[in-house]
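Residue-level structural notes
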Amino acid sequence: METRGSRRSLLLPAAVLLVLAALAGVLTLAARGQDERPRVARGTPSGPVPVDLAARVDGFTADFTADGPYTAPDAAQRRAVAEGVLGAMDGQAEQAGRALARVGYRLTEFTEAATGRRVAEIAETADAPAVGSRGWGRVYLDLSARPYWTVQVPHPVSDARTEALGVELFRAAPGGVLVLAGAHRKAGADGSSDVAHRSDTVFAAVVEALTGRGLPGIQVHGFDEGSLPGQDAVVSGGAGQAGPAAELTAAGLGRAGFAVCRAWREKCGQLEGTTNVEGRFAAGAGVPWLHVELGNGLRTEPARRAVVAGVLAETARSWAAKP
């Protein structure tokens with residue numbers, strides 16, 4: 001016969017078992033919840049991946065050829081890109097974006113991988129009319145400091161690796177604006193894509209707008225050493241006076257062991273840049289401007305190119321304290 005005591009003894013273990021089962025279920029759910037949470041690997045960067053500007057520019061210029069496409073812009077198109085650049089420089093992103101959108105350009109920002117600085121890119125959109133065939137170029141602005149100088153690359157690929165030098169110089173001194181032509185200098189009919197000698201280009205419009213704001217510039221070119229034997233580089237003020245920046249640049253290149261022709265002291269063949277349209281505009285505005293011609297080795301050999309970029313960066317930094 002089952003007594004009251006025996007029933008109580010049987011109920012107690014059953015209750016304990018129920019409690020233990022419930023506790024086990026809770027622990028199982030908790031463990032499962034832990035397993036289902038997103039796992040973040042240690043060292044995984046947050047936010048957008050930094051952009052390697054050198055690789056980006058190399059990708060942009062990879063297809064530049066002498067028989068490549070180029071379409072001359074009209075005055076309104078040139079003005080729209082220049083307005084967009086000035087708007088971006090002034091921190092007016094919406095205003096800049098509207099101006100650029102009128103001609104199939106856009107303003108984007110990214111972190112540059114080598115420097116960690118924020119950079120603005122002004123370039124054609126993927127769905128721009130005849131994208132890739134207009135050849136108008138790009139502009140990069142360093143947003144880490146108020147822009148106060150420019151590096152101008154009018155003949156990428158044609159003057160081999162001047163585009164790489166432009167990037168290295170842009171990285172080496174803060175507050176820079178990199179203005180990059182968008183086609184081989186021989187791509188356009190009748191020299192229309194040679195932006196160093198044509199004022200009806202987007203490149204010229206942008207440089208003139210920046211020069212009008214008082215930003216001095218360094219324009220980099222290349223020459224075949226055979227056209228000026230015994231010289232590695234030519235430094236000139238173009239159509240203007242050479243000034244302290246030219247002296248500083250020539251001295252720096254000389255200390256680096258390079259033979260430098262100083263156009264204000266001696267004849268340097270046809271490499272003085274006196275017919276350069278951006279240089280003429282700067283001379284008329286009274287803004288410092290340098291025309292730097294570099295032999296092949298100083299552009300194509302990475303170690304020597306880095307030395308040149310360092311010298312030119314010193315020149316750029318010398319403008320930082322100027323009003």
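Overview of the structure. Because the structure is a prediction, the values reported are computed rather than measured. (Residues numbered from 1 in each chain as written. Predicted model: local features only at pLDDT ≥ 70, side-chain atom pairs only at ≥ 80, totals over all residues. Heavy atoms only, no water.)

**A closer look at the overall build of the protein**
The helix and strand tally for the protein stands at 10 helices and nine strands. Within the span of the protein, comprising 323 residues, buried residues form 46% of the whole. Just so you have it, the protein exposes about 15700 Å², and 55% of that area is on carbon and sulfur atoms. (Helix = DSSP H or I, 4+ residues; strand = E, 2+ residues; numbered from the N terminus. Buried < 20%, exposed > 50% of the residue type's maximum accessible area, 1.4 Å probe, protein only. Areas by Shrake-Rupley, 256 points an atom, 1.4 Å probe, with all protein chains shown as cover.)

**Thoughts on the side chain of Q152**
Turning to its location among the elements, Q152 is positioned in strand 4 (residues 149–153). A distance of 3.0 Å separates the side chain of Q152 from the side chain of T150, its partner in a polar contact. Not counting chain neighbours up to four residues away, the residues in contact with Q152 comprise V179, F203, V207, G217, I218, Q219, V220, E278 and W289. (Polar contact = N/O pair within 3.5 Å; in protein donor to acceptor, adjacent residues only side chain to side chain. Contact = heavy atoms within 4.5 Å.)

**A word on unusual backbone geometry**
The phi angle at V157 is positive, at roughly 70°, despite the residue not being glycine. Tracing the backbone shows V157 in the loop between strand 4 and helix 5 (162–172). Judged by relative accessible area, which is 30%, V157 ranks as partly exposed. Notably, R161 is not glycine yet its phi reads approximately 65°, a positive angle. Topologically, R161 is positioned in the loop between strand 4 and helix 5. For R161, a relative accessible area of 26% translates into the label partly exposed.

**Quick look at the nonpolar core**
In terms of nonpolar packing, the biggest core is built from 39 residues, with Y140, W149, I218, L253, V308 and L312 touching the most fellow members. If one sorts the elements of this core by residue count, helix 10 (residues 302–318) sits on top with six residues. If we skip the residues at most four places from it in the chain, L253 touches A233, V235, F258, V260, V308 and V311. Grouped together as the second largest cluster of nonpolar side chains are 31 residues, A120, V177, A183 and V195 included. (Core = buried A, V, L, I, M, F, W, Y, C linked by side-chain atoms within 4.5 Å.)

**Regarding the pairing of strand 4**
In terms of burial, strand 4 is a largely internal element, five of the five residues being buried. Here strand 4 shows no split at all, with W149, V151 and V153 on one side and T150 and Q152 on the other all buried. Pairing of strand 4 with strand 5 (residues 176–180), which is carried by five bridges, proceeds in the parallel orientation. Bridge assignment links W149 to a residue of strand 5, and that residue is G176. Of the crossover connections in this fold, the one passing from strand 4 over helix 5 to the parallel strand 5 is right-handed. (Pairing = 2+ DSSP bridges. Right-handed = clockwise from strand over helix to strand, strands pointing away.)

**Regarding the pattern of salt bridges**
Within the structure shown, the criterion is met by 19 salt bridges. With its nearest N and O atoms 2.5 Å apart, the salt bridge here joins R134 to E124. Here R134 is found in the loop between strand 2 (118–124) and strand 3 (138–142), whereas its partner E124 is found in strand 2, with 10 residues between them in sequence. Classification of R134 as buried rests on a relative accessible area of 6%. Linked through salt bridges whose partners overlap, the residues forming this network are R56, R106, E121 and R138. (Salt bridge = Lys/Arg side-chain N within 4 Å of Asp/Glu carboxyl O.)

**Things to note about helix 5**
Within helix 5, nine of the 11 residues are buried, leaving the element largely enclosed by the surrounding structure. Those residues of helix 5 not exposed but buried are T162, E163, A164, L165, G166, V167, L169, F170 and R171.

**Things to note about the packing of helix 3 (residues 75–89) against helix 4 (residues 93–101)**
Remark: helix 3 packs on helix 4, axes separated minimally by 8 Å, with the N-to-C direction vectors making an angle of 165°. Viewed along their axes, helix 3 and helix 4 adopt a mutual orientation that is roughly antiparallel. Here helix 3 runs over helix 4; the crossing is left-handed. When helix 3 is examined against helix 4, the residues A80, V81, E83, G84, G87 and A88 are found in contact with a partner set consisting of A96, A99 and L100. Considered class by class, the residues forming the contact of helix 3 with helix 4 number six nonpolar, two polar and one charged. (Axes fitted to C-alpha atoms, helices over the stretch in contact; angles between N-to-C directions. Parallel < 35°, antiparallel > 145°, perpendicular 65-115°, else oblique. Left-handed = near helix turned anticlockwise from the far one by under 90°. Nonpolar A, V, L, I, M, F, W, Y, C, P; charged D, E, K, R; others polar.)

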